[in-house]
Amino acid sequence: LYNLLEKACRAIGIQEGPVTGDFIVRDEIPFIIEVSTHLHSIHQSSLRTDGINLPLIKWFAHCAGYGDDRLELIDSIPKGFSGLATCWTETTGRVESMGGINSILNIPEIKDIDLRCAIGSKVEGSDIDPQCLALIWGVSESRVLLDRALDEATGMLRVGIKSV
């Protein structure tokens, strides 16, 4: 099923990141009925890396800071969980300030933050359609520690938005 899901993702342009595939099996043949990314949830930390195949190992390696050039060292990659947290706003306006980024990156389990806005940029969030401000990636040998670190990190991001 993992290989089928990987082929489906590549066919629709998903190259990396957490995804879910829904399958049905009929006459012992699997059929994909849905493939979806998981950038909409508060936390995604369900990827356990021991005993799974290359697409998920590559995702964990990416979150852990390993490049594709180091995948031959796959046995040395620590076993554990990779996770994603997202930060959203329901405000429309212009970004005036951003803070907490260095503190977030000092959390041992947090490996990267992808800011989806910059000072001076316009954000257009609403209660019906919030806008993503940041993606925060982490890894840990403990899912509990990873979830705590992602909670802490999302609480540390400060984005000042002035209505226009």
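It should be emphasised that the depicted structure is a prediction, and the values quoted were computed from it without experimental measurement.

1. Observations regarding the pattern of salt bridges
Counted according to the given criterion, the structure contains three salt bridges. The closest approach of N and O atoms between Asp114 and Arg116, which form a salt bridge, is 2.8 Å. For Asp114, a relative accessible area of 27% corresponds to the partly exposed category. For Glu124, the salt bridge identified is with Lys122, shortest N-O distance 3.5 Å. Judged by its relative accessible area of 42%, Lys122 falls in the partly exposed class.

2. So, the environment of Gly125
Note on placement: Gly125 falls in the loop between strand E7 (122-124) and strand E8 (131-140). Leave out the neighbours within four places in its chain, and Gly125 touches Thr89, Glu90, Thr91, Thr92, Pro130 and Gln131.

3. Focus: the side chain of Thr86
You can see Thr86 is positioned in strand E4 (residues 81-89). Residue class for Thr86 comes out buried when judged on its relative accessible area of 5%. Only 2.7 Å separates the side chain of Thr86 from the side chain of Trp88, close enough to count as a polar contact.

4. Some remarks on the nonpolar core
Counting residues in hydrophobic clusters, the biggest one holds 14 residues, and the most contacted among them are Ile104, Ile110, Ile113, Ile136, Leu150, Ala153 and Leu157. The set of elements that each furnish at least two residues to this core consists of E4, strand E6 (110-115), E8 and helix H4 (143-156). The element contributing the most residues to this core is H4, with four residues. With sequence-adjacent residues up to four places away left out, Leu157 is seen in contact with Cys87, Gly99, Ile101, Ile104, Ile113, Leu115 and Ala134.

5. Remarks on helix H1 (residues 2-11)
Of the residues making up H1, those classed as buried are Leu5, Ala8 and Cys9. Viewed along the axis of H1, the buried residues span an arc of 100°, placing them on a single side of the element. With respect to the buried face of H1, the exposed residues turned more than 90 degrees away are Lys7 and Ala11. Elements that come into contact with the buried residues of H1 comprise strand E1 (19-26) and strand E2 (29-37). Phi turns positive, to about 95°, at Gly13, one or two residues after H1.

6. A short note on unusual backbone geometry
Glycine aside, a negative phi is what most residues show, and trans is what most peptide bonds show. If you check the backbone angles, Asp27 has positive phi at about 55° while not being a glycine. Tracing the backbone through its elements, the reader meets Asp27 in the loop between E1 and E2. Although it is not a glycine, Glu28 sits at a positive phi angle of roughly 65°. Residue classification places Glu28 among the exposed residues on the basis of a relative accessible area of 77%.

7. With respect to the confidence of the model for the chain
Mean pLDDT for the chain: 77, with 73% of residues reaching 70 or above. Per-element mean pLDDT across the chain ranges from 42 in strand E3 (residues 43-48) up to 96 in helix H3 (residues 101-105). Per-residue pLDDT stays below 50 along residues 40-53; that stretch engages in 39 contacts with residues further than four places along the chain or on separate chains.

8. Re the pairing of E2
Of the strand pairs in this sheet, E1 and E2 are connected by eight bridges, and their pairing is antiparallel. Bridging from a neighbouring strand, Gly21 pairs with Val35 of E2. Turn length for the E1-E2 hairpin, with the two strands adjacent in sequence and antiparallel, is two residues, and the turn residue Asp27 shows positive phi of about 55°.

Parameters at a glance
- Residues numbered from 1 in each chain as written.
- Predicted model: local features only at pLDDT ≥ 70, side-chain atom pairs only at ≥ 80, totals over all residues.
- Heavy atoms only, no water.
- Salt bridge = Lys/Arg side-chain N within 4 Å of Asp/Glu carboxyl O.
- Buried < 20%, exposed > 50% of the residue type's maximum accessible area, 1.4 Å probe, protein only.
- Helix = DSSP H or I, 4+ residues; strand = E, 2+ residues; numbered from the N terminus.
- Contact = heavy atoms within 4.5 Å.
- Polar contact = N/O pair within 3.5 Å; in protein donor to acceptor, adjacent residues only side chain to side chain.
- Core = buried A, V, L, I, M, F, W, Y, C linked by side-chain atoms within 4.5 Å.
- Arc of directions from axis to C-beta.
- pLDDT = per-residue confidence, 0-100.
- Pairing = 2+ DSSP bridges.

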